[in-house]
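# Remarks on the overall topology
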Amino acid sequence: MPRFDNEGFNPKKRIDNDYRDRSVPDDENYYKNVTPDDEFIPMHASGAEVLDNQPRYQDYTNNRAQSYASPDELREQREREEYAKMRAAQRAQKKQESNAKKKQSSKKKKKVAAVAIILAIILILTGMVEVVLAKMNYDEKKENTYVSAAQLQSSPSVKNILLLGVDARKNQKKETSRPDTMMLISLDTKHHCIKMTSFLRDTWVYVPSLGHEQRLNASTGKDGYSGVVDAIEYNFGVKVDGYIVTNFEMFKSLVDSVGGVDITVTKKEAKEVNSHRGRYGKVKLKSGTHTLTGKQALAYCRIRKIDTDFNRTQRQRTVMTALLNKAKKNPFRLYKMANAGAEYIETDLTKTQLKGIAAFAGICVSGEMFQERVPFEGTWEYANKGGASVIAINIDKNKQMLIDYIYNKTAKELKAQQESETKSE
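About the criteria used
Residues numbered from 1 in each chain as written. Predicted model: local features only at pLDDT ≥ 70, side-chain atom pairs only at ≥ 80, totals over all residues. Heavy atoms only, no water. 1 Å grid on protein atoms, 1.4 Å probe; cavity = no way out; pocket = protein on both sides within 12 Å on 5 of 7 lines; lining within 4 Å. Points joined across faces, edges and corners; volume = space filled by probe spheres on them. Helix = DSSP H or I, 4+ residues; strand = E, 2+ residues; numbered from the N terminus. Nonpolar A, V, L, I, M, F, W, Y, C, P; charged D, E, K, R; others polar. Salt bridge = Lys/Arg side-chain N within 4 Å of Asp/Glu carboxyl O. Buried < 20%, exposed > 50% of the residue type's maximum accessible area, 1.4 Å probe, protein only. Axes fitted to C-alpha atoms, helices over the stretch in contact; angles between N-to-C directions. Parallel < 35°, antiparallel > 145°, perpendicular 65-115°, else oblique. Left-handed = near helix turned anticlockwise from the far one by under 90°. Contact = heavy atoms within 4.5 Å.

### Quick word on the layout of surface pockets
- In this structure, the second largest pocket occupies an estimated 810 Å³ of space.
- Lining the second largest pocket are 22 residues, and of these Gln314, Arg317, Gln371, Glu372 and Glu421 sit closest to its centre.
- Listed by contribution, the elements that provide at least two residues to the lining of the second largest pocket are α7 (309-327), β11 (368-374), α10 (395-408) and α11 (411-424).
- Considered class by class, the residues forming the lining of the second largest pocket number 8 nonpolar, 6 polar and 8 charged.

Below, the structure is given as structure tokens:
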């Protein structure tokens, strides 16, 4: 039995809701002017139709109405955003350029300061140079009468100084003092480097002052040290601006003035010096890399019995390179070195010429240093002349290669060549 029957419910008295009047009185109908949704077309206040991708409602979540934008207004908004981005990029670029100018200005100030310091040093050293120059010994310049200047290769950007190392005894005549070392120092300001070229003593060449062929180091026989300059110019076609002669005492003083030089000595080289102490100044050498004193460095340079003159001149260039590398790090050390050896120097260059050469050296000293020798590789052979073993060379090839090395080869080319040779060894 249904529950409502127990409760006295009468289905016949049920109200029929389908016929009930649901109309709203006019005074209570607040939505009588609202168009049904299927006919509603939202319009902007300006009269433009609102697009589908724009909201048709009011957002009351933040207690404010969301406005509707027309296509023109959207376009203007995009243009304003793009303009703002462009202005921001322009401001960033201007800031970057301003910072770059500040850095450039700072670099210029540093350069000016560096130049000022260098000028100050030059002014100080000028007085020191005069002291050094006053201690040197000067020879009268002799012109080469065997070859004309027009036949010699030269350049305003290159100075060639012939360095002669001799073992001259006191009061010994120049004509009887054969150079133990003959090294052409080329100051190349065009390529900002120093090029060293050793000439082997036993090189068989025509000696113009003697009028016949002889070993190169015998070219002092008639005209003294200028005879060596004449022979090199005559045979190899390069202009030599002057010579500087040093003896063993000067060499030792130079090395000691910079605190010694770091040289790697082989076991064979150390054994030669230690086994013949009387021949090498009564010094001892240890194999390995060590800082050598002036006496030890001289002994190292004079080693000759264990190998060839090629190796001997290589040792001389090794010491010279180490000496210059150590000295050029400090201009005052350069002065100390020059002052220590000045009294042992003999030259045919004038004081004015020496100052000019010092200026050339100042340009080149910060660059690379390179080594070569005459004869060049593949241009020589051993020969017997009058029962003596000498080095016979191809004069034309050596002349061409020496001129190319001194005047044409760049520091970059020589460095690449040097690295290639090192790899092949």
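There's plenty left to go through after this.
### A closer look at the pattern of salt bridges
- Using the criterion set out here, one finds 15 salt bridges in the structure.
- Residues Asp348 and Lys141 are paired through a salt bridge, measuring 3.4 Å at the closest nitrogen-oxygen approach. Here Lys141 lies in the loop between β1 (137-138) and β2 (158-166) and Asp348 lies in the loop between β10 (346-347) and α9 (351-364), a separation of 207 residues in the sequence.
- According to the relative accessible area criterion, Asp348 is buried, its value standing at 6%.
- Lys141 gets classed as partly exposed once you look at its relative accessible area, which sits at 35%.
- Arg215 is the salt-bridge partner of Asp202, the closest N and O atoms lying 3.0 Å from each other. With Asp202 in the loop between β4 (193-199) and β5 (203-207) and Arg215 in strand β6 (residues 212-215), this residue pair connects regions lying 13 residues apart in the sequence.

### Thoughts on the packing of helix α4 (residues 248-257) against helix α6 (residues 294-302)
- Relative to each other, α4 and α6 sit at 125°, their axes nearing to 8 Å. The orientation of α4 with respect to α6, classified from their angle, is oblique. The crossing of α4 and α6 is right-handed. Only Gly294, Lys295, Ala297, Leu298, Cys301 and Arg302 of α6 make contact with α4, whose side of the interface consists of Phe248, Phe251, Lys252, Val255 and Asp256.
- Of the residues belonging to the contact of α4 with α6, the class tally is 6 nonpolar, 1 polar and 4 charged.

### Re the side chain of Ser226
- Of note, Ser226 is situated in helix α3 (residues 225-236).
- Excluding residues within four positions of it along the chain, Ser226 makes contact with Lys142 and Tyr243.

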